[in-house]
Amino acid sequence: MKILDAKSARSHEGGPTYSLGNRAFRATWIVVWKTCASWTPPAMHKWRRFLLRLFGAKIGPGAAIYGNVKVWYPPHLVVGRQAIIGPGATIYNVETITLEDFAIVSQGANLCSASHDVEDIYFQTFARPITVGRRAWVAAEAFVGPGVSLGEGAILGARGCAFRDLPPWTIHGGNPARLLKHRSLRFDDDLPRAAE
């Protein structure tokens, strides 16, 4: 997906940031999600996985994605098996956002893969991928910025803001997130597979 040049598209004056085709696709996606998924009971994960896959997302078996989640662009969403995107989470995936197996994004969390170049007078939009590693957890109302990776088993505490990578098996919190402690917990075996 191409981000338009802010100077020629005059994005800073209300012009478009993305192509007409991209905007039309996202408008269709919003209508479909609002009418077919946003109101569905929590247990209807299989139906919501189907809709996301229909629009190009890669969703693993047993993944749980709640109805009031906001996914900006399904083709840039990769969700591993038994990963969870909790109620009210925002997935602003201008660039690819990946949740590896068993990763958790809790309620109200915001994964934001795009921002603006503050050194550019036209505030050019840029995007960087985000990865939430295997068994990592983005806690309630936390924020993960463009280009950030949470290593395996890493935790970003509630309302924490991560602007840099979080190493595996660590716990971070605050704004900006700082290391609080290392986790001693490890998993040697996979959790049971969920039925698709």
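Small disclaimer: the values here were computed from a predicted structure and weren't measured.

S.K.: Any chance you could explain the pattern of salt bridges here in plain terms?
M.R.: Two side chains with opposite charge may pair up if their charged atoms get near one another. For the structure on display, the rule yields 4 salt bridges. Ionic pairing is found between Glu-141 and Arg-159, a salt bridge with its closest N-O pair at 2.5 Å. Placement of the pair is Glu-141 in the loop between β13 (137-138) and β14 (143-144) and Arg-159 in the loop between β16 (155-156) and β17 (161-162), with a sequence separation of 18 residues. When salt bridges with common partners are traced through the structure, they connect Arg-81, Asp-101 and Arg-134 into a single cluster.

S.K.: Got a minute to help me understand the nonpolar core in this structure?
M.R.: Burial of nonpolar side chains together is a common tendency in soluble globular proteins. Among the nonpolar cores identified, the biggest contains 37 residues, and Leu-52, Leu-77, Ile-85, Leu-99, Leu-111, Val-138 and Leu-150 are the most heavily contacted of them. Within the residue set of this core, elements represented by two or more residues are α2 (20-36), α3 (45-54), β4 (77-79), β7 (97-99) and β12 (130-132). Here the element with the most residues in this core is α2; it accounts for 3 residues.

S.K.: How should I be thinking about unusual backbone geometry in this particular structure?
M.R.: Note: most residues except glycine have negative phi, and most peptide bonds are trans. For the bond from Asn-175 to Pro-176, the omega torsion is -5 degrees, close enough to zero to count as cis. Mapping Pro-176 onto the fold places it in the loop between β18 (170-173) and β19 (178-182). Even without being a glycine, Phe-123 presents a positive backbone phi close to 50 degrees. Among the structural elements, Phe-123 can be located in the loop between β10 (114-116) and β11 (125-127).

Criteria and thresholds
Residues numbered from 1 in each chain as written. Predicted model: local features only at pLDDT ≥ 70, side-chain atom pairs only at ≥ 80, totals over all residues. Heavy atoms only, no water. Salt bridge = Lys/Arg side-chain N within 4 Å of Asp/Glu carboxyl O. Helix = DSSP H or I, 4+ residues; strand = E, 2+ residues; numbered from the N terminus. Core = buried A, V, L, I, M, F, W, Y, C linked by side-chain atoms within 4.5 Å. Buried < 20%, exposed > 50% of the residue type's maximum accessible area, 1.4 Å probe, protein only.

The quantities given are spatial measurements derived from coordinates; they are silent on function.
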